[in-house]
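Chain by chain, the residues:
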Amino acid sequence: MTIAELVCPAGTPASLRTAVDAGADAVYCGFQNATNARNFPGLNFTPAELEKSVAYAHERGAKVLLALNTYPPAGKFQLWKDAADLGAKLGVDAFIVADIGVAEYIAQTHPQTRLHLSVQAAASSPEAIRYYVQEFGVKRVVLPRILTIPEIREIKSEIPCEIETFIFG
C-alpha cells in the first residue's frame, strides 16, 4: 500500500482533518516540545489535540505516527518517556524515533506499537538497519536523504523491513 504521509502543517486538529479528508491514509506529527525535530512555534499538538486527532483519523481509517525523532540531552530522558507513554495511551499507530535509548524504551514498554526509525538516525547501511530491526523490532526505516536510487534499491534487497525515502528533484 502506498502511504501518503503528510506533515501536519499547522499542528491543530484542523490540519490533521485536512490531511485525512484529502486522502492521506497516514499522517505524522509531534508534540509541542523538544521530542520532535520540527518543534517550531505554532506547530504540532498539545496532548488534548493529539487525542482528538487520533480519534478523528482512526474513525476514517487513517493512521497517526508520532515523531519522537530528536536526541534527549543527558539527564532529560523523562520528557521522551512521558511522550511515548502518552502517545501509546492515546493510541498512536507508530512512533518515529532517532535515539537508540528512545527506541529501546518504546520496544520494552510499548511493544504493541509499531516502531519506525527516523531519517534523523542516519541509518544508511544494511548492517545498521538490521541491528535496529533485530534489537528493537523496527518495522520501517526512513533512509537518509544522501542515498541514490541504486543505493536505496541495494539496501532494500538486504533488509527485513519497510523503507521510506525523501526524494528530491
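Counted by the stated rule, this structure contains four aromatic pairs. For the ring pair Tyr131 and Tyr132, a centre distance of 6.0 Å and an interplane angle of 85 degrees mean the geometry is edge-to-face. Taking relative accessible area as the criterion, Tyr132 reaches 11% and is therefore assigned buried. Aromatic rings pair up to connect Tyr131, Tyr132 and Phe136 into one cluster. Taking NZ or CZ as reference, Arg60 lies 3.5 Å from the ring centre of Tyr56, over its face. Between Arg145 and the ring centre of Phe166, over which it is positioned, the NZ or CZ distance is 4.3 Å.

Further remarks concern the pattern of salt bridges. Note that side chains of opposite charge can pair when their charged atoms are close. In the structure shown here, the tally under the stated rule is five salt bridges. For Arg114, the salt bridge is made with Glu162, and the minimal N-O distance between the two is 2.8 Å. Highlighted residues: Arg114 in strand S5 (residues 114-117) and Glu162 in strand S7 (residues 162-164), separated in sequence by 48 residues. Exposure remark for Glu162: the relative accessible area of 32% places this residue in the partly exposed category. Glu164 is the partner of Arg140 in a salt bridge, and the nearest nitrogen-oxygen pair spans 3.3 Å. In this pair, Arg140 sits in strand S6 (residues 140-142) while Glu164 sits in strand S7, placing the two residues 24 residues apart along the sequence.

Next up on the list: the layout of surface pockets. In this structure, the largest pocket occupies an estimated 150 Å³ of space. If you go around the largest pocket, you meet 13 residues; those closest to its centre are Tyr28, Arg38, Asn69, Val119 and Phe166. Among the residues making up the lining of the largest pocket, the classes are represented as seven nonpolar, three polar and three charged.

The next thing to look at is helix H3 (residues 78-90). The first and last C-alpha atoms of H3 sit 18 Å apart over 13 residues, in line with the 18 Å expected at 1.5 Å per residue. For H3, the complete set of buried residues consists of Trp80, Ala83, Ala84, Gly87, Ala88 and Leu90. Projected onto a plane normal to the axis of H3, the buried residues spread over an arc of 165 degrees and lie on a single side. Downstream of H3 by a residue or two, Gly91 has a phi angle that is positive, lying close to 90 degrees.

Basis of the calculations
- Residues numbered from 1 in each chain as written.
- Predicted model: local features only at pLDDT ≥ 70, side-chain atom pairs only at ≥ 80, totals over all residues.
- Heavy atoms only, no water.
- Phe/Tyr/Trp six-rings, centres within 6.5 Å; stacked < 30°, edge-to-face > 60°.
- Buried < 20%, exposed > 50% of the residue type's maximum accessible area, 1.4 Å probe, protein only.
- Lys NZ or Arg CZ within 6 Å of the ring centre and 35° of its normal.
- Salt bridge = Lys/Arg side-chain N within 4 Å of Asp/Glu carboxyl O.
- Helix = DSSP H or I, 4+ residues; strand = E, 2+ residues; numbered from the N terminus.
- 1 Å grid on protein atoms, 1.4 Å probe; cavity = no way out; pocket = protein on both sides within 12 Å on 5 of 7 lines; lining within 4 Å.
- Points joined across faces, edges and corners; volume = space filled by probe spheres on them.
- Nonpolar A, V, L, I, M, F, W, Y, C, P; charged D, E, K, R; others polar.
- Expected span 1.5 Å × (residues − 1).
- Arc of directions from axis to C-beta.

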